[in-house]
Amino acid sequence: MASESLQYDAALGGPIRLPDRVDSERFNEARLAEVKQMLRTVASTENQTKLMHQSLPLHMRRRAMSYNPKRLPRRFRAIHVAQFSRSGMPEKKRRPSRKFRRKANNLLKEYERRKRSNVWLETHVWHAKRFHMVAKWGYKVPYSPTRKGYRACYRATAKHCLVQDVSYYGCVELQGGEGTLKESLKRFCSERAGLTICAKAFVSGKRSGNVWLFERDRYPLGCVGRVKFVWRPEVEGDDRRTLWIFAHPVFYRKLVEMLVETFGLRNANRDDEPMEVDQVTRNAGNLRTPRYENSSSGVTLLELKDTLNYFRLTGPLAHAILSKSLKIYNPSNQSEHWFQDWSQDLPNVKTINEQIKFWDKAKNLTSPGEISPGTTLGLVIADPRLNRPRKRTKALPPVVTVSPEPLPELSSYTASSPIWDKSIRDRITQEMVSTHQLNVRRTRECLVPGEPCAFESQVQPIPILLMQNAGSQDGDFKRLGYGAGWDVIVPSGYGLAFWHTLILWGAKPAGLKEFTMQAIESGIDSERVPDSVLGRTESDLAFETSWSSYFAKPNNRRVNYKKLAIASPFRCPWPQLVTEWNSTTDHDLFVLRDVEQLNKLTLALNRRFNIKSVQLPPNCLIPLLLTLKTRGNPGDNTLICLPHRTDFNQNKKNRAANDLTPVYTEPLRRDPQQPERLALRRAHLALLKRLRARRIRAKKRQQRASPGQLVLIAKPATANIIREQLEKMRELWLPANPESIRNQCSRECFGYVTQSSFALSEGQVTGLGYVTARGMEKLFKICTKGAFKVLVRGTKSRCYRFASVKVRVE
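Residues numbered from 1 in each chain as written. Predicted model: local features only at pLDDT ≥ 70, side-chain atom pairs only at ≥ 80, totals over all residues. Heavy atoms only, no water.

S.K.: If you had to explain the packing of helix α7 (residues 150-158) against helix α19 (residues 513-522) to someone new, which residues and values would you point to?
M.R.: Remark: α7 packs on α19, axes separated minimally by 10 Å, with the N-to-C direction vectors making an angle of 55°. Overall, the two elements α7 and α19 adopt an arrangement that is oblique. The two elements α7 and α19 meet at a crossing, and its hand is right-handed. From α7, Tyr150, Cys153, Tyr154 and Thr157 reach across to α19, where they touch Glu514, Met517, Gln518 and Glu521. Among the residues forming the contact of α7 with α19, the class breakdown is four nonpolar, two polar and two charged. (Axes fitted to C-alpha atoms, helices over the stretch in contact; angles between N-to-C directions. Helix = DSSP H or I, 4+ residues; strand = E, 2+ residues; numbered from the N terminus. Parallel < 35°, antiparallel > 145°, perpendicular 65-115°, else oblique. Left-handed = near helix turned anticlockwise from the far one by under 90°. Contact = heavy atoms within 4.5 Å. Nonpolar A, V, L, I, M, F, W, Y, C, P; charged D, E, K, R; others polar.)

Structure follows, in structure tokens:
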């Protein structure tokens, strides 16, 4: 019995004693039946209120068990699947990846919207998936691959093939009488800097060339930039000549304005005739190929920018890759396209035969360096999408057991190509069969997968233009043939098709970063030339980036360049350097490009010629290739200084003891502006504090005058004060106009290194630099015996090290 309060009463129920121990065997036998019943209940699917994945212990449950049976233990999966199959719930489909969830409904419209700010190359989408993309010069261009590829890109240039899409180079087409064109074009270049555009070797159209262009009649001043050009071979029955000039987008507009002004051209797409040149060359945004003409002289200029694809192949296997990628077109009787109309003329038939004959002989060559420098070759090839391997394959030159036959002589027929005709180029682009249509027709008509289809012979052919790059021609300067390759000009619309074919045949893609690598390895500077438009533009851009990054850091994280005795760490102040060495106020400087003087200077460095007989202009900069003799990579904007006699003695001791320490260390300087900066900072903070207290007092006065109301005061007008303070502090950290560049440190500075890196071809750190003429003459007085050496020092180091020098002839 139990009491009313539901408590056990020992007096009513009698005495009960609990055991002081438990018999485990009897206890387990009693629990065994309960455990079996629990397992039967769990295994049973009848009258069960919980699902299998809900019946598991907490430590075994996972969030994904409700829709993924593989998350359950293996012995429970069948029950889980049976439960869900009886519930009638539809099977959940796999959620698409984030890439496809973020894709726009209409990709073409999205691409057109994104192209408004920066022009896309035809290979942009391919590059955007594999490269870091940067916005430069109004284009979106690939900078570097997302995977590590610096050494691989060098190996490609040295032993394999490197391909780059340089379609952002703009093409200018000039047409007119040969005499009229020559008379005006020779004013933009000089024979003292090498062969000009009007040289006999180039005018015939058999060869392409590179030349430095200057402002009209201003050589050696007013350098615009280095361009590539090619003449169209003479056409029978036409006394007009055609010239293509490929220019970098930085100075492309300046080149067009120079040509328009020189030939007296007017805009053929406008009715009005503005007087200013920049107004003449202003066109509507939807105009694809602006045209300028002069009715009296018959000269016509056509802008072909963004209408041609320009690929550059560098390396010994470039020729083998082109041999595999390019299949000469075999005309069919059933085909109806531009080739049928073009091949009706007898000269065009002879052109095709001459080109096929030359290309068949050239296929057996092992390197493009074996071909005559600058060779131009026009070909009509089959669609490159029809000549691809199933997977990426490395193209190799054929193994020749007998001596190869000599190549046929170049003629005007081998360099001719239908790509010169604008109407043919436009027709090719309009009649291009898309890759989707090609694949659909292949699927429908191909009997054996992978084999050629019958309709492929009816696909229109593609005219292309090949221009050979000779590479290194001086074995004493760089390895012979390094940098040789081909430039390929392809009509608009077929850029991605050619690109895919070149990649599948083993070419390694590269971006802008690899151009710097090629400049270091080949010793040819093309982007940081001090007197060119491109060099100044790139230098200013790099300066602004470094300047902003430097002052974005807090004071205790900035390098104090005054203590290091560095006057200009982020740019090379060439005008001030030349002025200090000449003791004049003339800021007109130029890079020495006179081939005769550069060759004499090379002989002088080998002690075969007197430096005084070279007669160097005082305001010129001499291009040098520097090679460090010991460890260390000083980086860009490195100082080139004149050594002392003590430096040679110390270097001799270090070499004897196999010691790689620097020959001289700049003593740490005292920063004279540091107390002034601290005082200015304290005064500025005190001023801001006073102004803030003044605003607070004004607000409190207004609140006392009108209690219970919201009081608003004007925002602090301290923007100008802060801006002026920032400008003063920056001037105290790094003056915009330093007092001296020549005597900024213990050793006289007479030049700068624009680019510096470890050269894999040399196995040493090399740099491209420029020095003043007067400093070079003083170096000859210091180095009286032995090899000529200079001291180099990085902007973040106090160590001076020796480097050997060579004269660069570009």
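What follows continues from the structure just given.
S.K.: So what's going on with the layout of surface pockets? Residues and values would help.
M.R.: The space that makes up the second largest pocket amounts to roughly 1,800 Å³. What lines the second largest pocket is a set of 44 residues, and nearest its centre among them are Tyr111, Lys115, Trp120, Leu121 and His124. Put simply, the parts of the chain that give the lining of the second largest pocket at least two residues each are α5 (107-114), β1 (119-120), α6 (124-128), β3 (139-145) and β12 (308-314). Here the lining of the second largest pocket gets six residues from one element, more than from any other, and that element is α5. (1 Å grid on protein atoms, 1.4 Å probe; cavity = no way out; pocket = protein on both sides within 12 Å on 5 of 7 lines; lining within 4 Å. Points joined across faces, edges and corners; volume = space filled by probe spheres on them.)

S.K.: Go over a positive patch on the surface with me, naming the residues and quoting the values.
M.R.: Among the surface-exposed residues, Arg690, Arg694, Arg697, Lys700, Arg701 and Arg704 lie close enough to one another that they form a single positively charged patch. With respect to the helices and strands, Arg701 occurs in helix α25 (residues 674-705). (Patch = residues over 30% accessible without salt bridge, like charges linked within 9 Å, V, L, I, M, F, W, Y side chains within 5 Å. Areas by Shrake-Rupley, 256 points an atom, 1.4 Å probe, with all protein chains shown as cover. Salt bridge = Lys/Arg side-chain N within 4 Å of Asp/Glu carboxyl O. Lys, Arg positive; Asp, Glu negative; His and termini not counted. Charge placed at Lys NZ, Arg CZ, Asp CG, Glu CD.)

S.K.: I'd love a proper account of the environment of Glu777, names of residues and values included.
M.R.: Tracing the sequence through the fold places Glu777 in helix α27 (residues 773-782). Look at Glu777 and you get partly exposed, because its relative accessible area is 24%. For the pair Glu777 and Ile611, spaced 166 residues apart in sequence, the C-alpha to C-alpha distance is 7.0 Å. Here Glu777 is in contact with Ile611 and Leu616, once residues within four sequence places are set aside. A polar side-chain atom of Glu777 sits 3.3 Å from a polar atom in the side chain of Arg774. (Buried < 20%, exposed > 50% of the residue type's maximum accessible area, 1.4 Å probe, protein only. Polar contact = N/O pair within 3.5 Å; in protein donor to acceptor, adjacent residues only side chain to side chain.)

S.K.: Could you give me a rundown of the side chain of Asn637, with the residues and numbers involved?
M.R.: Residue placement: Asn637 occurs in the loop between β18 (620-628) and β19 (638-641). For Asn637, a relative accessible area of 13% puts it in the buried group. The residues contacting Asn637, other than those within four sequence positions of it, are Pro569, Phe570, Arg571, Cys572, Tyr752, Val753, Thr754 and Thr795.

By themselves, these observations are geometric and do not establish any function.
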